[in-house]
Structures are given as structure tokens and as C-alpha cells.
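Overview (structure and organization)
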2 protein chains.
Amino acid sequence: MQGFHRRDVMGLGLAAAAAALTAGPARAQGAPDSVERWGLFEAALSGRAPGNPFDVTVTGVFTHGGRTIEAPGFYDGEGVWRVRFSPPEEGSWTWTIRSDLADLDGRSGALRATAPGQGNHGPVAVADTFHFAHADGTPYRPLGTTSYGWTHQGEAQRLRTLETLAASPFNKIRMLVFPNGSIPHEPLFPFEKSGPGEADWDFTRFNPAYFQRLDQQVAALMALGVQADVILFHPYDEDRWGFDRMPAEVDDRVIRHVVARLSAYRNVWWSMANEFDILEHKTDADWDRMFQLVRDVDPHGRLRSIHNWRRIYDNSHPWVTHASIQNGSAVVDDARAVIYRDVWYKPVVFDEVRYEGTMEDRWGNLTGQEMTRAFWEGLIAGTYVGHSETTPNSDAGFWLGIGGTLVGESPARLAFFKGVMDAAPAPGYEPIDKWWEQHLGGKLGRLYLRYFGEDAPTEWTVDLPRDELEGGERFEVDVIDTWAMTIDTLPGVFTMARKDRYFFHDPARLTVSLPGRPWMAVRVRRV
Amino acid sequence: MQGFHRRDVMGLGLAAAAAALTAGPARAQGAPDSVERWGLFEAALSGRAPGNPFDVTVTGVFTHGGRTIEAPGFYDGEGVWRVRFSPPEEGSWTWTIRSDLADLDGRSGALRATAPGQGNHGPVAVADTFHFAHADGTPYRPLGTTSYGWTHQGEAQRLRTLETLAASPFNKIRMLVFPNGSIPHEPLFPFEKSGPGEADWDFTRFNPAYFQRLDQQVAALMALGVQADVILFHPYDEDRWGFDRMPAEVDDRVIRHVVARLSAYRNVWWSMANEFDILEHKTDADWDRMFQLVRDVDPHGRLRSIHNWRRIYDNSHPWVTHASIQNGSAVVDDARAVIYRDVWYKPVVFDEVRYEGTMEDRWGNLTGQEMTRAFWEGLIAGTYVGHSETTPNSDAGFWLGIGGTLVGESPARLAFFKGVMDAAPAPGYEPIDKWWEQHLGGKLGRLYLRYFGEDAPTEWTVDLPRDELEGGERFEVDVIDTWAMTIDTLPGVFTMARKDRYFFHDPARLTVSLPGRPWMAVRVRRV
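Cut-off values and rules
Residues numbered from 1 in each chain as written. Chains lettered and ligands numbered in written order. Predicted model: local features only at pLDDT ≥ 70, side-chain atom pairs only at ≥ 80, totals over all residues. Heavy atoms only, no water. Helix = DSSP H or I, 4+ residues; strand = E, 2+ residues; numbered from the N terminus. Rg over C-alpha atoms; globule rule 2.2 N^0.38 Å. Buried < 20%, exposed > 50% of the residue type's maximum accessible area, 1.4 Å probe, protein only. Areas by Shrake-Rupley, 256 points an atom, 1.4 Å probe, with all protein chains shown as cover. Lys, Arg positive; Asp, Glu negative; His and termini not counted. Charge placed at Lys NZ, Arg CZ, Asp CG, Glu CD. Salt bridge = Lys/Arg side-chain N within 4 Å of Asp/Glu carboxyl O. UniProt positions renumbered as here; feature names shortened; annotations may be inferred. Contact = heavy atoms within 4.5 Å. Buried area = accessible area lost by both parts, 1.4 Å probe. Polar contact = N/O pair within 3.5 Å; in protein donor to acceptor, adjacent residues only side chain to side chain. Axes fitted to C-alpha atoms, helices over the stretch in contact; angles between N-to-C directions. Parallel < 35°, antiparallel > 145°, perpendicular 65-115°, else oblique. Left-handed = near helix turned anticlockwise from the far one by under 90°. Nonpolar A, V, L, I, M, F, W, Y, C, P; charged D, E, K, R; others polar. Pairing = 2+ DSSP bridges. Least-squares fit on C-alpha atoms with pLDDT ≥ 70 in both. Domains from an automatic or database assignment. Phe/Tyr/Trp six-rings, centres within 6.5 Å; stacked < 30°, edge-to-face > 60°. Lys NZ or Arg CZ within 6 Å of the ring centre and 35° of its normal. Core = buried A, V, L, I, M, F, W, Y, C linked by side-chain atoms within 4.5 Å. Expected span 1.5 Å × (residues − 1).

Within an unreviewed UniProt entry, the label attached to chain A reads DUF5060 domain-containing protein, and the organism entered is Brevundimonas abyssalis TAR-001.

As C-alpha cells, then:
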């Protein structure tokens, strides 16, 4: 389980996360006028609106040296508007409020952005075209999971989910803003009611308690060092509340509200939708508009993606930062997965590849071995893969729906996998000699990983593709059992010499022996 | 070899093609004022330019009813400018010349567009998102080949190439405008010389004889019913003539000249480049500009694509009509090939998938079986595949370079393949239950084709994915040997009933027997 000590190293962990989850409305960290770089500053502003307080416009203008950033505020109930801001640079910032409400307009203050504390590496952004890194340069390699409705559970269950995450290798979780019609949930909803019917909502008035719960969850994940992949819309309303078919102006209002609330949390990513192409009341033009709105109103420029069912969104649009793909077959074979990289020149995250579990549905019945395979195939393709599971963990459901505990066999193997993934030089694994059936990932001249999946070879010929080799390079070889979670380093080294026009090898040591079991890999490391 | 009688059916054929190839400069077909719909009308205009005649602007304005089309003209040497036009509608058209040369300006005439003759189905355009059709609605299913330099050979060799094409299943050929530095060629060049050096060109003066040869070739292919996929630029200059690094204004001048010459031939497709990403003197912005220029100056709107080496162009751009992909590994497995369809929602033509041949280079050493496999895998993915070969057919080279004869084993199998491809209902094969390892293409509820590649099963379970089935549908089953070119229709029918939540089958007849040989397929046809 090497390479998986993140929580301890960070000195944060579950206690802080639990505290965040049970706190009142989020507050500025530390003294009100002091916040870590990439931390969350909040100005809480009292006032009285003559009309609907949600209609009040409020913007915080933050200035540092020659730099000005405008952060949108939002109404949070009880006569309080909040403006949140995460300073991207250390030093003195001033802020001034612009508002159409005289009570708020012109209020101002200052804050000092201090050095980031332990475990605060800043937000994640795209790095080196296909990968991710924190703002301080630390590589971030997504190893995500999904629990759509953990966000909508009671407090005990949410704490259970955080405990599970803290003990897991997962560093990203996908989660729904709106409730899921087929998953148990607390009786809390995002809008005020307008009548007795299940779909009777006053779309002009949010329910602050609903969104404060979301604040707390994102804060708790931040304390754990887990990215919150916040799914703005989804098609699982089950004809109950109509949240999958709200008018465009309501969708836009939701976007403005959620972005104003959450964008200042450095661990937030935006997922426009889950299975967007099942949302039959929305067109591609709607998604284009909403994507651009998120981009335009988010002062922190968090990552933006959209997740598909059968039809892929045009991820070449400039407002898409990375591809979020559902396609389980793509990560059965690295030569499939790599095609998505090739066409978009953006990071590819396979955010749904079927789930480990025992469902009859074919999308929820992977074995632990198959779930684990997806990550290794994705890795050697230079892409990233996500997990979830559908085996019941209680009478109420399973991790994918309600969070709680993990009962599958893959998470332990994914912790092991993470050690191998993280041991690669920055930015991460790249496909090697793609399109030629090498099934190799790594870094040319430095690192080669061959993954065999369900094949069970008894030997492998150590032929390295020619690029970046000249002869004389020395390599050590690790034989990896990805299921038993063992790494056996072979004695001695392999010294490269030209074999033919395409390959280098060690003429004295042509092959490595393998045990004839499935789920093996070989790693060739430059000495 | 069923389904391959195109040349006879068309009543055109080699004699007409040979005549076109050896003709003088192209002329309007038939009487000068009468031309078939989708045929080629040409106005030849004499005059005397005070300066460089290539700098004269000349445009033909063609009018029919309320419709006006502006066709660019070009200087063709010997004091003659030509304006070519292919009428998209039958009936009376008038034309007027606009020019900055007074000799030409205001000249006018009329033409009558008559009903298309036998074999004239009009130009090819995208149909049903992923496929192609002629303007009269006839499906066009590409079965292409490549011979880069047949265009630059002596007349005898060019006639040999046409004879080969006439006897082949190929209905598209990719061909270079500019000569290839490593392939034998006639001593004819696209520009006038400006000095004694090999790269000394007067880029302001084209050599009409060079481009007239290209006219003849395109006309000859049109007579054969073969699409001419004209490759405007390529990286194989070998540091000789500098045609791979001309200034942008020269590239644009070339585009304007070639489009003015060739666009009126209904069989022309534009390929911006071969292996565009090896042309190191050009940027993506250059390709974007040139693509848009082709679109803007082509009055006939011919198909536009670009062909890659390792890096894929952003085919989501609206000026790209279809993807032209080099990736041999993609058509080893239909689940790879289909990904390109999914991301662009445009037709995908795998225009280079390695070649049948005997080269040491790995891109030129496919067996006939491997070359053939690519077409079947591409077919069930709902894509199209291209052929070529690198086995020497003479002391001078091979088909890929110089044309001439075909010596490989795949062309006969591709003729057989074409019969199966063309027997599908319009628009063509679609992938079935993609992303779930079915390896099926066809049309839901009507036609299912399972291809086994190098696997050699002894039976196949006839499970049909549930979509568009209700039970009671009756199917005949063909066992196809794609290499031996046989189709055995099994006696009786398979009557579908629900098997489980995902499949239908015939409970009385679960499987079909297969011979345990590779390269087999099974076709399930609705009765």
C-alpha cells in the first residue's frame, strides 16, 4: 500500500472534515481579515431588501497590486448576503462591494493572503495538455469515485461517507447538486415550495439550508484533500420534481447561485451534467450557453466538463477544460482510450466505466478485477479513470447512490495502483508508441509500464520502442501483480542495445519470466 | 464477386477514361451551350493581359431562376482564361464574366443543363451524418485506394493505372497535386523556373501543362466513376523543390488555382494535406486558413478533409466535412474505430491503415488478410477504410507510389467485401450496441453482421441486442468466409424471442456452426 499516506502527510484529515460537515454556514478561515492563499475568504453582509432578496445583485471587487477580480455574491437567507473569494496570490487585498441594494453598495474591507498551510497546494488545473497539477506545481493525478446522492443523506450517513473517503485512495468524488428521484434523501429541497404538489416550486427563491449543506460537504472534502466534482444537472428526476426541465432562466439562476457559493472552495470542479444526453428537455445550444455562463461567472476558473450517456459532447469547445467520458469499453483496451486524447488534446477522465458490483444491469456488475483493470488500461493510455460500486452496503442502497461504506474488492487494489501511478515522473504516464499494439505507457527513455490485463503470459520480451534511446541505457525491471498487490524487482539490470529499426533490447537478457496469472504488469525503470 | 458490375452498368468505362487522359485541355462536354446536370461546362475566353496573366481576376456569374453562383476562373496559358461550372440544377443558365481585364469583363452566354446521363449520379456529399450519397440520392460507400504519384507518371503508366482501377473495386483514389521527392515522375513542374537551382521557381507563374495533366486525370477518373481525393499539400518534398514550405500567399494562390480548375469535376474531393502534422513549416492556423479558403472559393462545395500522421486535426471545425484518419490500429478493432464517429458526428474514412506489402517498414507490411480485415472492422463500426499496397509491381516501384498494376491479395477480397457492404440498406452499416463488445454492425431490426477477424470460432451464439426487436421477427443467416469469398445461407429461419433483459434469440436454434477458420463473418438478415 506504498504511496498512500496523503491524509497523514497533510495533517488535516477526518476531524477537520467532520467539523466542516457539521459547522454552520461557512466562514472565512482564521481571522476575518486573514486567509491562506487559495483559502476561502468570505464577506458576510447584512441588509434589508425591499423585494426578493435573491434578486439583489452583489459583487465583490477584489484588488491586489494591479490585479482586480470580481467575485459574485449570493443571498444566504436571514438577511445576509455573502461574497466568497479565494486569493490566488499572497499579500494585501482590498475589497469593495457593488450592489443595487444601497445597504450593501460601497461596503469595503481588506484581507491578507498568507502562505498556504500544510496540505494546501492550491486548486487543480490542466497541466501539460493531458494532465493536471495543483497551482503550486504539485502533480494531481485523479483517482475518482462517484456517489451521486451522498450529498442528500442525513448527517450520520454523510459522516460515514467521509470516513470511508479518508481511508480510501480516492482523491475526487462526483456528486449531484439536485436530488435523485430514485435514491433515498433527506426531506430538504433546493427551492421554496409554491404549492402542495411535489413539483410546485417558487423558482425565484432558493432554500438556503439546502445549499448550506452542500457548502459543508465541499468544505469537508477540501479538508480531506478530495476534489468535489459538482454535477450541476442530471436526468434522474423520475418525473417527480421537474428539476431536469426547469426554464432556461432558472437553470441560469441555479448556475449563478451555485458558482457564487462554491467557486471559492479550491477543490471544486464543475460537471455540467451527468449523462447530459438523457436530459431531453435541453439542447446542445443550452449546454453551450450554460458552459459559457459557468466560465463567465466563475472568478476562479475552476475546471469544467460534461458527462455523457451514449452521445459525446463536442469537447473541442474552448469552454471545456477536460473530457469526462462514460465508456466502459474504452478502458478494456488502452488503444481505445488513447483515441479520446488524440482528438481533443485535453485531459481525458473516464468518469464512468461501469461499476464494481452485483447488479443485474450490465453497467453495475463488474468484478473487482474488471474494475481494477480499467485503471491500468487507462493509465498506460495516458488517461484517468473513475470508480464506483453497486453492491449493497446496507438496506438503503450502495455507494454509488448513497455513499456510506465500500464493500468491493477494488478499492484496496486502487490504493496499490495509486502508488504506481504517483511514482511516475511529472506530469504523468504518457502512451508509448501508440497505435502499434505496444500497450506501453510511461515516459520515453525513463519508464515503461506494460499491462497484460486478463492475459496470463509466462514471459514478456523486453523490447523498448526506439524513441529517446541510443543504446547503453540501464533499466531495472519490476514484475507487478496488480491483484495480489506485490512488486518484485528483478536482480540486476537490462542494458539497452539496438535490436532492429524499431526496438532496443538487452541482447544478454531478452525476456522476463511471468507467473502465468492474469492481472500482471511489468515496469521497466531507468537506473 | 457479386455486386461489382459498376463499370458495365454505367456504360462508361475505360475507353472514355483513356480518351480523357490523352485529350487536350478539357472542354465543355457536348455542344458548348449544353451540358448535363452535374457535368462540366467551360467558358474559354481569349484576351491579352498587360501584366502577368495569372494575376488577372476572372469570375463567371451563373444564374438560373433566382439562383446565382459565382465560379472563379483561371489562366490556362496561350492567352486563354477558363471558367468552369457544374450546374446543380437542370434548365437554362446564363453567365456573365466579371474581370479586371477589359477584354474579358462583361462577356456572357447561356447554357442548358440537361438531364444527367447514365452513370452520372452527381457529386458526393455527406448523408445521414456518418455516410455519403450522390446528389441524386444514390448511396456512395467509399472503398478507396491511394496512389500518391500516379498523377506524375508518363502517359503509358497512367493508362495502366486507369486500367487497373477499371478492373478493381475501388471507387476513390487519393493522389498528390505536387510531386513527391522520392518517387519517379515526369519532368514537369507546377511553376515556371526562375533560375537554374532545383528550388528556383517563379511562384507567380503556374505551368499550365502541369495542371492540364491533372485536369485530364480527374476527368478520366470521372469517366470511371472514381472519386478523385485531391491532396493539395504534402511533406514528401525531400528538401528538393520547396513545395512543402512556400509562403502563405503562394499556398493560397495554389488553392485558388487548383479549386478554379478542378472544382467543377463532380468527382473531386479536397484533402488539404497528407500527414499534415509533418509539414513543419505550417501551423494549425495555416490549415484553418487554407481550409476556409477552399470552402470560400469553391462554388461547388466539394468535400473537405485533412489527413494526419501522429497528430489529429480538430475535425470538429465546421469547415471539415468528414474525418480522414491515418491509424492502422483503429481498424484492428471496431470498438476503437467507432470512437472517432462518436466524437465528431461526421463520416470517418480511415484513409491510411498501413498497406498490404512486403516492406521492412511496419507501415507497409500488412498481409492480404490483415489489409482485408481493416475493411470489415471498419464496416461494423460504421466507418470506411482505404487500401494501398507497397509490394513492387515493377522495377520502378509499387502502387502506392506510382500506380500501375496491383499485385496484392486483398483487392479481390475487397471486391467481395464491396458486395456485402453495398447490399446493406441505405445509408449504410451502423454500429450496433456499441461499447458493449458485441462487434456487430448493420441496421437495428433488419441486418446484423458479426465479424470475427483472426479468431477462429467453431460456433456463434445468435443473440441479437434488444433494440428494435419485439419478438416474432424472422431472420436468415449467412455464414461468410471473407477470405475464400463464399456466402453460405443456412436453411430455415431464426425466429426471435426475448432471451433476457438485453438480448433476443431463437430458443429452438441458439447457435450457428462455424468452420474454425479465421476471417469469418455471420450476417443475420430479416426475412
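So, on to the overall build of chain A. In terms of regular secondary structure, chain A is built from 10 helices and 34 strands. Rg of the C-alpha trace for chain A: 24 Å, near the compact-globule value of 24 Å for 527 residues, within the 12% margin. Overall, chain A is about 85 × 55 × 45 Å in size when its C-alpha atoms are taken along their principal axes. Out of the 527 residues belonging to chain A, those deemed buried represent 61%. For chain A, the exposed surface amounts to about 18,600 Å²; the carbon and sulfur share of it is 49%. Charged side chains of chain A number 54 positive and 71 negative; the gap between the two group centres comes to 4 Å.

Let us look at the pattern of salt bridges. Scanning the entire structure with this criterion turns up 76 salt bridges over all chains. Between K282 of chain B and D251 of chain B there is a salt bridge, and its shortest N-O distance comes to 2.9 Å. You can see K282 of chain B sitting in the loop between β16 (268-273) and α6 (284-297) and its partner D251 of chain B sitting in helix α5 (residues 248-262), a full 31 residues away along the chain. The shortest N-O distance in the salt bridge between R336 of chain B and D333 of chain B comes to 3.7 Å. Each member of the pair, R336 of chain B together with D333 of chain B, is buried. When salt bridges that share partners are traced, they join E42, D76, R82, R84, D215 and R261 of chain A into one network.

The next point concerns the UniProt feature "domain: DUF5605" (unreviewed entry) in chain A. The feature "domain: DUF5605" (unreviewed entry), as annotated in UniProt, sits at residues 436-525 of chain A in this numbering. This span, residues 436-525 of chain A, is 0% helix and 47% strand, and a straight line between its end C-alpha atoms measures 21 Å.

With 35 residues of chain B at the interface, the matching set in chain A holds 35 residues. For the chain B and chain A pair, buried surface summed over both sides reaches about 3,300 Å², with 50% attributable to carbon and sulfur atoms. The largest contributions to the chain B side of the interface with chain A come from R362, W435 and W436 of chain B, which together make up 24% of the buried area. The interface formed by chain B and chain A includes 12 salt bridges. At the boundary of chain B and chain A, one finds 15 residue pairs in polar contact (both at pLDDT 80 or more).

On to the environment of V61 of chain A, then. Structurally, V61 of chain A can be placed in strand β3 (residues 58-64). The spacing of V61 of chain A and P139 of chain A is 78 residues in sequence and 31 Å in space, taken between C-alpha atoms.

This next bit is on the packing of helix α3 (residues 155-166) of chain B against helix α4 (residues 208-224) of chain B. All names here are of chain B. For the pair α3 and α4, interaxial distance at closest approach is 10 Å and the crossing angle is 20°. The orientation of α3 with respect to α4, classified from their angle, is roughly parallel. The hand of the α3/α4 crossing is right-handed. Together, R158, L162, L165 and A166 of α3 and R213, Q216, Q217, A220, L221 and L224 of α4 make up the contact between the two elements. Residues that form the contact of α3 with α4 fall into these classes: six nonpolar, two polar and two charged.

Here we come to the side chain of E356 of chain A. Residues and elements named next belong to chain A. Residue placement: E356 occurs in the loop between β19 (348-352) and α8 (368-380). Within the structure, the side chain of E356 is placed 2.6 Å from the side chain of S410, a separation counted as a polar contact. Ignoring any residue separated from it by four or fewer positions in sequence, one finds E356 in contact with L366, T367, G368, M371, S388, E389, T390, T391, G408, E409, S410 and P411.

This brings us to the sheet that holds strand β32 (residues 503-505) of chain A. Residue and element names in this part refer to chain A. In space, the three strands of this open sheet follow the order β27-β32-β31, with antiparallel pairing throughout. Unpaired on one side and paired on the other, β27 (464-465) and β31 (497-498) mark the two borders of the sheet. Where β27 meets β32, two bridges bridge the pair, whose relative direction is antiparallel. Among the inter-strand pairings, P465 is bridged to a residue of β32, identified as F503.

By a simple turn and slide, chain B fits onto chain A: the slide is 0.0 Å along the axis, the RMSD is 0.0 Å, and the turn is 180°. Here the symmetry operator amounts to a two-fold rotation axis. If distances are taken from each C-alpha of chain B to the rotation axis, the shortest is found for R336 of chain B, at 2.4 Å.

On to the UniProt feature "domain: Apiosidase-like catalytic" (unreviewed entry) in chain A. Following the UniProt record, the feature "domain: Apiosidase-like catalytic" (unreviewed entry) maps to residues 131-387 of chain A here. Helix makes up 32% of residues 131-387 of chain A and strand 20%, whereas the separation of the span's terminal C-alpha atoms amounts to 18 Å.

All names here are of chain A. Relative to each other, helix α2 (residues 14-22) and helix α4 (residues 208-224) sit at 170°, their axes nearing to 7 Å. For the element pair α2 / α4, the angle class is roughly antiparallel. The residues of α4 that touch α2, namely those facing L14, A16, A17, A20 and L21, are Q216, Q217, A219, A220, A223 and L224. Classifying every residue of the contact of α2 with α4 by side-chain character gives nine nonpolar, two polar and no charged.

Attention now moves to the domain arrangement of chain A. Residue and element names in this part refer to chain A. As far as domains go, chain A holds domain 1 (124-422) and domain 2 (438-526). Each of domain 1 and domain 2 was reduced to a C-alpha centroid, and the two centroids are 36 Å apart. Contacts between the two partners involve 15 residues from domain 1 and, on the opposite side, 15 residues from domain 2. Counting each side, the surface lost to burial between domain 1 and domain 2 is near 1,500 Å², with a carbon and sulfur contribution of 73%.

All names here are of chain B. Per the counting criterion, the structure on display carries 74 aromatic pairs over all chains. Consider the rings of F132 and W269, whose centres lie 5.3 Å apart with planes at 35°: the pair is tilted. In this pair, F132 is assigned in strand β9 (residues 131-134) and W269 in strand β16, connecting sequence segments 137 residues apart. Pair check on accessibility: F132 and W269 agree, each one buried. Stacked on the ring of F233, the Lys or Arg K282 has its end atom at 5.6 Å from the ring centre.

Residue and element names in this part refer to chain A. Read from one edge to the other, the open sheet built from seven strands follows the order β1-β7-β6-β3-β4-β5-β2, with strand pairing classed as mixed. Either end of the sheet is taken by a strand with one partner, and the two such strands are β1 (34-36) and β2 (41-46). Here the average twist between neighbouring strands, direction ignored, is 30°. Pairing of β1 with strand β7 (residues 108-114) involves three bridges; the strand directions are parallel.

Turning next to the nonpolar core. F233 and Y340 of chain A together with F233 and Y340 of chain B are the most contacted members of the largest nonpolar core, which has 257 residues in total. Setting aside residues up to four positions removed in sequence, Y340 of chain A forms contacts with I312, I325, N327, A330, V348 and F350 of chain A together with I339, V343 and W435 of chain B.

What follows concerns the pairing of strand β6 (residues 91-99) of chain B. All names here are of chain B. The pairing of strand β3 (residues 58-64) with β6 spans six bridges and is classified as antiparallel. Pairing of V58 across the sheet is with S99, part of β6. One ladder, built from six bridges, connects β6 with strand β7 (residues 108-114); its direction is antiparallel. What sits directly across from G91, in β7, is A113.

A separate point is α3 of chain B. Here α3 of chain B spans 16 Å end to end across 12 residues, near enough to the 16 Å set by a 1.5 Å rise per residue. Taken as a whole, α3 of chain B has its buried residues at Q157, R158, T161, L162, T164, L165 and A166 of chain B.

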